[in-house]
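Chain by chain, the residues run as shown.
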Amino acid sequence: MNLEKAVLTYSDMLYKICIVMLCNEQDAQDAIQETFCRYLEKNPHFTDAEHEKAWLIKVAANHCKDLLRFQSRHPQVPIEELTESLADGQEQQDVLNELLQLPAKQRTVIYLYYVEGYQIKEIAGMLGISAHAVKKRMQRGRQQLQIVLKEEYCR
């Protein structure tokens, strides 16, 4: 059976299994995607459709277990709790929330410069980019923050 046919035949069943195990729609979708990626990588030979179905279920269940194990070993804090604990007031919390919405490149340089206190040359060395690139990312990030915060506080 080819991948397309396998996806059409088994994806709904795998989704239900993964959603029951993980209780999270995004994680379930990731598990299904990973299952079909392994199907492509391994290119297993099956004796019949039931053998293929059992193999896909086993791979999906094992991936779900791996995700659950990872989550138990690496607990996550909801972003709302993080921003509340880091910010002193509502205004700082709003700025922090907007900072977290910036693209990763801009967010990283702004964080390293303003929060961690690194100099532009140090940031450039850490990220493996030029000092000019660091300055440009900071400029773009500040512009975006300024636009968003100006709109927010002028309402």
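First things first, this report covers the structure right here in the doc. Only a predicted model underlies this, so the values are computations on that prediction, with no experimental measurement involved.

**Focus on the overall build of the protein chain**
Thought 1: A tally of helices and strands in the protein chain yields eight helices and zero strands.
Thought 2: If you list the helices and strands of the protein chain from N to C, you get α-α-α-α-α-α-α-α.
Thought 3: Classification of the 155 residues of the protein chain by burial places 27% in the buried group.
Thought 4: When contacts within the protein chain are restricted to residue pairs at least 6 apart in sequence, long-range pairs at least 24 apart make up 54% of them.

**Overview of helix H7 (residues 120–127)**
Thought 1: Residues of H7 that are buried include every one of Ile120, Ile123 and Ala124, and no others. One side of H7 carries all its buried residues, which in axial view fall inside an arc of 100 degrees. In this structure, H7 carries Lys121 and Gly125 as exposed residues pointing more than 90 degrees from its buried face.
Thought 2: One or two positions beyond H7, positive phi appears at Gly128, with a value near 70 degrees.

**Looking at the packing of helix H1 (residues 3–22) against helix H2 (residues 25–42)**
Thought 1: At a minimum axis separation of 9 Å, H1 and H2 run at an interaxial angle of 140 degrees. Relative to H2, H1 is oriented oblique. Here H1 runs over H2; the crossing is right-handed. Side by side, H1 and H2 meet where Leu3, Ala6, Val7, Ser11, Leu14, Tyr15, Cys18, Ile19 and Leu22 of the first sit next to Glu25, Asp27, Ala28, Gln29, Ala31, Ile32, Thr35, Phe36, Tyr39 and Leu40 of the second.
Thought 2: In the contact of H1 with H2, the residues fall into 14 nonpolar, three polar and two charged.

Cut-offs and rules
Residue numbering note: each chain is counted from 1, following its sequence as written. Two thresholds apply to this predicted model, a pLDDT of at least 70 for residue-level local features and 80 or more for giving and counting side-chain atom pairs, whereas whole-chain, interface and lining totals are computed over all residues. The basis for every side-chain value is the complete set of non-hydrogen atoms in the structure, without hydrogens or water. Segments assigned H or I by DSSP are reported as helices when at least four residues long, segments assigned E as strands when at least two residues long, and all are numbered from the N terminus. We call a residue buried when its accessible area falls under 20% of the maximum for its residue type, exposed when it is over 50%, and partly exposed in between, using a 1.4 Å probe and counting protein chains only. Here, residues are in contact when the closest pair of their heavy atoms is within 4.5 Å. Picture the helix axis, draw a direction to every C-beta atom, and the arc is the one those directions span. Here the axes come from fitting lines to C-alpha atoms, over the contacting stretch only for helices, and the angles between their N-to-C directions go from 0 to 180 degrees. Any angle that is under 35 degrees is reported as roughly parallel, and any over 145 degrees as roughly antiparallel; angles of 65 to 115 degrees are reported as roughly perpendicular and all others as oblique. It is the rotation of the near helix from the far one that decides the hand of a crossing: anticlockwise by less than a right angle makes it left-handed, clockwise makes it right-handed. Each residue is assigned to one class: nonpolar for Ala, Val, Leu, Ile, Met, Phe, Trp, Tyr, Cys and Pro, charged for Asp, Glu, Lys and Arg, and polar for all the others, Gly among them.

None of this, on its own, says anything about what the molecule does.
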